[in-house]
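Read off the chains here:
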Amino acid sequence: MMMKKIVLLALASLLTVAVQAEEYRPAETSVAGFIPLEGSGRVVYDFNGGWRFMKGDVAGAEAVAFDDSAWEVVSTPHTVELVPAEASGCRNYQGVVWYRKAFTVPADCAEKEVLLHFEAVMGKQAFYVNGELVEEHLGGYLPVMLSLSKAGVKAGDRCVVAVKADNSNDKTYPPGKPQYTLDFAYHGGIYRDVWLIGRSKVGLTDAVAANRVAGGGVFVHFDKISDERAEVIVNTEVENLEQRTRSVRVETTLKNQAGELIKTLSSRVVLSHGARAVTEQRFVVNDPHLWSPDDPYLYRVESRVVANKQTIDGGVTRVGIRSFDFSKEQGFILNGKPFGKLIGANRHQDFAYVGNAVPNSQQWRDAKRLRDAGCRIIRVAHYPQDPSFMDACDELGLFVIVATPGWQYWNKDPKFAERVHQNTREIIRRDRNHPSVLMWEPILNETRYPKDFSLEALQLTKEEYPYPYRPVAAADVHSAGVKEHYDVVYAWPGDEQKADAPEQTIFTREWGENVDDWYAHNNNNRASRSWGERPQKVQALSLAETYNNLYNTEPQFIGGAQWHPFDHQRGYHPDPYWGGIYDAFRQPKYAYWMFRSQTAADLKHPTAESGPMIYIMHEMSQWSDSDVVVFTNCDSVRLSIYDGKKSWTKPVVRTDRTMPNPPVVFADVWDFWEARSYSYTNKNWQAVNMVAEGIIDGKVVCTTKRMPSRRSTKLRLYVDWEAKPLVADGSDFVVVVAEVTDDSGHVRRMAKEHIRFTIEGEGEIIGDASIHANPRPVEWGSAPILVRSTRQAGKIRIKAEVEHPGTHAPTAAEIEFESVPATTPFCHEVQQRQVEQQQQARTAAGQQLSEAEKRRLLEEVDRQQQEFGVQ
């Protein structure tokens, strides 16, 4: 884990904070399903840099000789346009865009199969190599693999790759639903990583590109798991693209998390030209260290293809050994023991300003924020997510429900169902080795589909994972064929107690929503962070009530996922979804601390926040409620005010049918006029404070203190990097936050300022005044920006100052930190990212709807959501 050192230096009127990363260990990033293995013979290049980009369709843009010199230079992951942090209601661009990249194939790809791996491109795509169409693809959430070798390209050749992408509404492939009636947005572009891979012509196949049922690549599965022993079975597919017959060994090494050898197995295969072969190798692990959310232990499977005593291809697969079952009587059973409730959240992938173009570090940070909040399961909504997010869930201990793309839309054309099923097959092939994967959702969310489709979707999950400990299939109990056949059904707390209850275990796919109706969307579980204390408090207590209801159930009800932990953009409503426990920049709201308090005080998680905690949900302002709410995972709370002149102690009231740690409410504690008597009458403002102590077994184990914020006097900066420093790859970004504080460092929540940021060194600020990114208005005491790295590691200095300084205006602040070198070599010819200068479009091109048509479409959304019992 990265350690942080914070050094404070007072320079004139500025506060300079220098943040340095120590003991940094580069993250392991999987590329096309494998973590790169040193000395394997496979070469991997970061292909994200040096793309030329044009928004709009351009005739002839695929041609090698096309002049793209006037196009913008960008790095992927890339969004087709930056949008304001609040840009719902189809304000994002939909339409054709072009990307072009000229490069020279690296010399160390000589005699290798040269591949380009696109992790995802939104919409429908056409790929050109040196002017020739080589691939067309439908769908925005799964990888595309191009063989440059098949296009006649070899090491040392200069090559031009062009990509035409179109995120326009298209009913022929899933999700299919027009964005203007969609609960999320089709943010366009090459929004995930692109890799150039040099692979031996005799080597490991790709699990997705191979397109074989339960085949391709490396498939790790298990048998006979117990506390005493476990069998780890590794299926490895190799192919021979050479013109001659080759004899090779498939060598598989199993290591523990510390990298210590457990065993190596070797199998010889003889491959004629164009042939493929699959080896099965079986390991026995004694006293296995079993994977669980609270102890996410990962073994390492190293795969090598060896010819003439030389490794010519290979990669690493991280796996977790765990068994699971679902019982009507005992609920969810993990590693042979009842687990209790599986409580977590859903996750859309978009972020403020950049849409879906989120780098690997932020994928990891999102997973960590969810695990910090006590989540143990994530339902990815409503599509497969970035591979690095899945890697992070393995590492951090988050079970995952992986959904196939779809939301409230069915197309009767048989090709549509075929494409849904193909998506699901590719999802399983991509994600089957992740220990975090607990369920597949192979159907279309909140959609009326025919029974034969439902049963086909279930069957293919069994075909693609035909081994013990198969991740189960889940779907809504009201959908055709589900109640009679699926492994787990989506329903509501209390449904297990009804006369017509299903036999399967029940999980709630989306909990927490309390809308007045699905047109207005007024409800008490959604609160923009900018709205302040009272709305955030109402939201937190609303979610706490629903959270509590999840536990007032029988074991057959195994848990649920909150909708939705991050504020996000939507197509069908002018407001963003504000129900997150974090905002779109990942700044926490009060509700985060309610979630966080549900983790056990004695938990010692290896990565996530854990241990005893306590939080006062109160700002001690003139508008604050008289009741004080405290979130804690301790046994009792002692609350004191006015330097201890008043004190109360209350227990955390738990039963076997309540949430683990209900909020503790101290009634009629805060009185502004009483506090005013200390500060105004007695001139002792320092005594106006509130201290909460968490007590376990009679001992104080954690303490927090609150004071009212006084006048705004200065700014303060911090880097929200969650143990992942900024990587100098030209794509990575980190959130930097400016807070308005008083003399004592208390955040001035009511401050109304606009903060102007400037930057020096190896970074750039994403966005400008056109999207309200810089200057940035202060909301709830803070103003965040996104800072992107260059490709040169080094120092970055950021200065924040109020837009209109004055004698008594808050003083400026500076922060300095360093980006760290990228570990994967680059393959590009443009060394510097050009600063974005064009005005960012704020309105989407496309169909204009009448008011009557808008209302008809939204009424249809309302009907479907009511039909599926969305709460």
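Here the structure is a predicted model, which is why all the values come from computation and not from measurement.

Basis of the calculations
Residues numbered from 1 in each chain as written. Predicted model: local features only at pLDDT ≥ 70, side-chain atom pairs only at ≥ 80, totals over all residues. Heavy atoms only, no water. Helix = DSSP H or I, 4+ residues; strand = E, 2+ residues; numbered from the N terminus. Rg over C-alpha atoms; globule rule 2.2 N^0.38 Å. Contact = heavy atoms within 4.5 Å. Areas by Shrake-Rupley, 256 points an atom, 1.4 Å probe, with all protein chains shown as cover. 1 Å grid on protein atoms, 1.4 Å probe; cavity = no way out; pocket = protein on both sides within 12 Å on 5 of 7 lines; lining within 4 Å. Points joined across faces, edges and corners; volume = space filled by probe spheres on them. Nonpolar A, V, L, I, M, F, W, Y, C, P; charged D, E, K, R; others polar. Salt bridge = Lys/Arg side-chain N within 4 Å of Asp/Glu carboxyl O. Core = buried A, V, L, I, M, F, W, Y, C linked by side-chain atoms within 4.5 Å. Buried < 20%, exposed > 50% of the residue type's maximum accessible area, 1.4 Å probe, protein only. Axes fitted to C-alpha atoms, helices over the stretch in contact; angles between N-to-C directions. Parallel < 35°, antiparallel > 145°, perpendicular 65-115°, else oblique. Left-handed = near helix turned anticlockwise from the far one by under 90°. Pairing = 2+ DSSP bridges. Disulfide = S-S within 2.5 Å. Expected span 1.5 Å × (residues − 1). Phe/Tyr/Trp six-rings, centres within 6.5 Å; stacked < 30°, edge-to-face > 60°. Lys NZ or Arg CZ within 6 Å of the ring centre and 35° of its normal. Right-handed = clockwise from strand over helix to strand, strands pointing away.

Engineer: Before we move on, can you summarise the overall build of the protein with the specific residues and values?
Structural biologist: Looking only at helices and strands, the protein has nine helices and 48 strands in total. Whereas a compact globule of 871 residues would reach a radius of gyration of roughly 29 Å, the protein reaches 27 Å, a difference of no more than 12%. Summarising the internal contacts of the protein: among those between residues at least 6 apart in sequence, 72% fall at separations of at least 24. Carbon and sulfur atoms make up 48% of the accessible area of the protein, which totals about 32700 Å².

Engineer: Mind laying out the layout of surface pockets, listing which residues take part and the relevant values?
Structural biologist: Roughly 1100 Å³ of internal volume is contained in the second largest pocket. Contributing elements (two or more residues each) for the lining of the second largest pocket: helix 1 (360-372), helix 7 (590-596), strand 32 (614-617), strand 38 (699-706) and strand 39 (714-720). Looking at the lining of the second largest pocket element by element, the count peaks at four residues for helix 7.

Engineer: Go over empty space enclosed by the protein with me, naming the residues and quoting the values.
Structural biologist: One pass over the structure, following the stated rule, counts eight cavities of 30 Å³ or more. By volume, the largest cavity is sized at about 480 Å³. Residue assignment for the lining of the largest cavity shows that the elements contributing at least two residues are strand 7 (112-118), strand 12 (194-200), strand 20 (310-319), helix 2 (387-396) and helix 3 (414-431). In terms of residue class, the lining of the largest cavity is made up of 14 nonpolar, eight polar and 10 charged. For the second largest cavity, the lining is made up of 18 residues, of which E86, D567, D583, A584 and E779 are closest to its centre. The class makeup of the residues in the lining of the second largest cavity is six nonpolar, six polar and six charged.

Engineer: Which residues make up the pattern of salt bridges, and what values do they have?
Structural biologist: Scanning all chains against the criterion turns up 60 salt bridges. With its nearest N and O atoms 2.5 Å apart, the salt bridge here joins R797 to E814. Residue R797 is found in strand 46 (residues 795-802), and its partner E814 is found in strand 47 (residues 813-818); the two are separated by 17 residues along the sequence. Counted as one network, the salt bridges with shared partners bring together R379, E441, E446, D476, R509 and E510.

Engineer: Before we move on, can you summarise the nonpolar core with the specific residues and values?
Structural biologist: One broad trend across soluble globular proteins is that nonpolar side chains are buried collectively. V402, Y486, Y547, I581, M594 and F595 are the most contacted members of the largest nonpolar core, which has 64 residues in total. Ignoring sequence-local partners within four residues, the contact set of F595 consists of G344, A373, C375, W511, L543, Y547, Q562 and I581. If you look at the next biggest cluster of nonpolar residues, it comprises 50 residues, including V232, V305, I312 and F339.

Engineer: Just give me the short version of the packing of helix 3 against helix 4 (residues 451-464), but keep the residues and values in it.
Structural biologist: Put simply, helix 3 and helix 4 touch, their axes get as near as 10 Å, and they point 25 degrees apart. In this view, helix 3 runs roughly parallel relative to helix 4, as classed from their interaxial angle. In this structure, helix 3 meets helix 4 at a crossing whose hand is right-handed. Residue-level contacts link A417, V420, H421, T424, R425, I428 and R429 of helix 3 to F453, E456, A457, L460, T461, E463 and E464 of helix 4.

Engineer: Please set out the sheet that holds strand 17 (residues 261-271) residue by residue, giving values where relevant.
Structural biologist: Across the sheet, which stays open at both edges, the four strands sit in the order 17-16-19-20 with antiparallel pairing between neighbours. Two strands bound the open sheet, and with one partner strand each, they are strand 17 and strand 20. Sheet twist, expressed as the average angle between the axes of neighbouring strands with direction ignored, equals 15 degrees. Pairing analysis gives seven bridges linking strand 16 (residues 246-255) to strand 19 (residues 299-307), with the strands arranged antiparallel. Paired with K255 across the strands is R300, a residue of strand 19.

Engineer: How would you sum up the pairing of strand 16? Please name residues and give values.
Structural biologist: Where burial is concerned, most of strand 16 is hidden: eight out of the 10 residues are buried. Looking at chain direction, strand 16 and strand 17 are connected through 10 bridges and run antiparallel. Considered in strand 17, the bridge of E251 is made with S266. Counted between consecutive antiparallel strands, the loop separating strand 16 from strand 17 contains five residues, among which G259 sits at a positive phi close to 90 degrees.

Engineer: Before we move on, could you go through the state of the cysteines and cite the residues and values that matter?
Structural biologist: Under the defined criterion, the tally for this structure stands at zero disulfides. For the unlinked cysteine C159, the closest cysteine sulfur is that of C827, found at 9.4 Å. Lacking any disulfide linkage, C827 is separated from the closest cysteine sulfur, that of C109, by 7.6 Å.

Engineer: Describe helix 6 (residues 533-549), with residues and values.
Structural biologist: The end-to-end C-alpha distance of helix 6, which contains 17 residues, comes to 25 Å, matching closely the 24 Å that a straight helix rising 1.5 Å per residue would cover. For helix 6, the complete set of buried residues consists of E533, Q536, K537, Q539, A540, S542, L543, A544, T546 and Y547. Contact partners of the buried residues in helix 6: strand 24 (342-347), strand 30 (505-511), strand 31 (557-562), helix 7, strand 32 and strand 33 (628-632).

Engineer: Describe the packing of helix 1 against helix 2, naming the residues involved and giving the relevant values.
Structural biologist: Between helix 1 and helix 2, the shortest axis-to-axis distance is 8 Å and the interhelical angle comes to 40 degrees. Compared by their axis directions, helix 1 and helix 2 come out oblique. Viewed along their axes, helix 1 and helix 2 form a crossing whose handedness is right-handed. Taken together, the residues of helix 2 that come into contact with helix 1 (itself represented by N360, Q363, W364, D366, A367, K368, L370 and R371) are S388, F389, A392, C393, E395 and L396.

Engineer: Mind laying out the packing of aromatic side chains, listing which residues take part and the relevant values?
Structural biologist: The tally for this structure, following the rule as stated, stands at 43 aromatic pairs. Centre to centre, the rings of F118 and F127 are 5.0 Å apart; their planes meet at 55 degrees, and the pair counts as tilted. Residues Y141 and Y383 carry aromatic rings whose centres are separated by 4.5 Å and whose planes lie at 10 degrees to one another, so their mutual orientation is stacked. In this pair, Y141 sits in the loop between strand 9 (132-138) and strand 10 (144-147) while Y383 sits in the loop between strand 25 (377-380) and helix 2, placing the two residues 242 residues apart along the sequence. The class of Y141 is buried, set by a relative accessible area of 3%. What makes Y383 buried here is its relative accessible area of 3%. Over the face of the ring belonging to F389 we find R347, whose NZ or CZ atom lies 4.2 Å from the ring centre. Its end group placed over the ring of F566, R586 keeps NZ or CZ at 4.2 Å from the ring centre.

Engineer: Please set out the side chain of S436 residue by residue, giving values where relevant.
Structural biologist: Position of S436 relative to the elements: it lies in the loop between helix 3 and strand 27 (437-441). On the accessibility criterion, S436 (0% relative accessible area) is buried. Here S436 is in contact with W291, M390, C393, D394, L398, F399 and V400, once residues within four sequence places are set aside.

Engineer: Can you break down the environment of V354 residue by residue, with the values?
Structural biologist: One can find V354 in the loop between strand 24 and helix 1. In this structure V354 comes out as buried when scored by relative accessible area, which is 4%. Along the backbone, V354 and A85 are 269 residues apart, and their C-alpha atoms lie at a distance of 8.8 Å. With sequence-adjacent residues up to four places away left out, V354 is seen in contact with T79, L82, F733, I766 and L786.

Engineer: So what's going on with the pairing of strand 30? Residues and values would help.
Structural biologist: Most of strand 30 is tucked away, with seven of its seven residues classed as buried. Strand direction decides the pairing type here: strand 29 (residues 488-490) and strand 30, joined by three bridges, are parallel. For V489, the partnering residue across the bridge sits in strand 30 and is I506. In this view, the connection linking strand 30 to its parallel neighbour strand 31 by way of helix 6 has right-handed handedness.

Engineer: Summarise the sheet that holds strand 9; cite the residues concerned and give the values.
Structural biologist: Strands sit in the order 5-4-6-11-8-9 across an open sheet of six strands; the sheet is antiparallel. Across the chains shown, the open sheet's two edge strands, defined by having one partner strand only, are strand 5 (72-74) and strand 9. The sheet shows a mean angle of 25 degrees between the axes of neighbouring strands, direction not considered. Where strand 8 (residues 124-129) meets strand 9, six bridges bridge the pair, whose relative direction is antiparallel. Bridged to K124 within strand 9 is L138.

Engineer: Which residues make up the environment of F351, and what values go with them?
Structural biologist: You can see F351 is positioned in the loop between strand 24 and helix 1. Residue F351 is classed as buried on the basis of its relative accessible area of 3%. Between the C-alpha atoms of F351 and A417, which are 66 residues apart in sequence, the distance is 30 Å. Apart from the residues lying within four places of it in its own chain, the contact partners of F351 are V358, Q362, A584, F585, R586, F733, V735 and L786.

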